[in-house]
Amino acid sequence: MSDGIQEFGALLRRFRTDRLLTMEGLAQASGVSVRGIGDLERGRRAPRSGARWPPSRPGCD
């Protein structure tokens, strides 16, 4: 995978941990599965266009 995807994964993990969210909490708030969050954080998949970012649900601000 590209460096951009790896960088996004690192930013996502920092976003999540800075807000004291678990992967489960971010998954619930964002509408992305727990497995999807993990894959994104590890750079195993690229974010899809049209994804809500940042998540607009409670706990993500």
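Heads up: the structure comes first, above all this text.
Reference entry: report on the structure contained in this document.

**Things to note about helix α2 (residues 23-30)**
All buried positions along α2 are accounted for by L26, A27, A29 and S30. Packed against the buried residues of α2 are α1 (3-18) and α3 (34-41).

**What to know about the packing of α1 against α3**
Look at α1 against α3: their axes get within 7 Å of each other, and the N-to-C directions meet at 125 degrees. Taken together, α1 and α3 sit at an angle that is classed as oblique. Contacts between α1 and α3 pair F8, G9, A10, L12, R13 and R16 from the former with I37, L40 and E41 from the latter. Across the contact of α1 with α3, the residue classes tally to 5 nonpolar, 1 polar and 3 charged.

What counts and what doesn't
By convention here, each chain's residues receive numbers from 1 onward along its written sequence. Restriction of local features to residues with pLDDT of at least 70 applies here, the model being predicted, together with a cutoff of 80 or more for giving and counting side-chain atom pairs; totals for whole chains, interfaces and linings are based on all residues. As a rule here, side-chain values cover all heavy atoms of the structure and leave hydrogens and water aside. Only protein chains enter the area calculation, which uses a 1.4 Å probe; residues under 20% of their type maximum are buried, those over 50% are exposed, and those in between are partly exposed. In DSSP terms, a helix is any run of H or I states spanning at least four residues, a strand is any run of E spanning at least two, and both are numbered starting from the N terminus. The contact criterion used is simple: two residues touch if any of their non-hydrogen atoms lie within 4.5 Å. Simply put, an axis is a line fit to the C-alpha atoms, just over the touching stretch for a helix, and the angle between two N-to-C directions goes from 0 to 180 degrees. Angular relationships are summarised with four words: roughly parallel below 35 degrees, roughly antiparallel beyond 145, roughly perpendicular across 65 to 115, and oblique for the angles in between. Side-chain classes follow a simple rule in which Ala, Val, Leu, Ile, Met, Phe, Trp, Tyr, Cys and Pro form the nonpolar group, Asp, Glu, Lys and Arg form the charged group, and the remainder, Gly included, forms the polar group.

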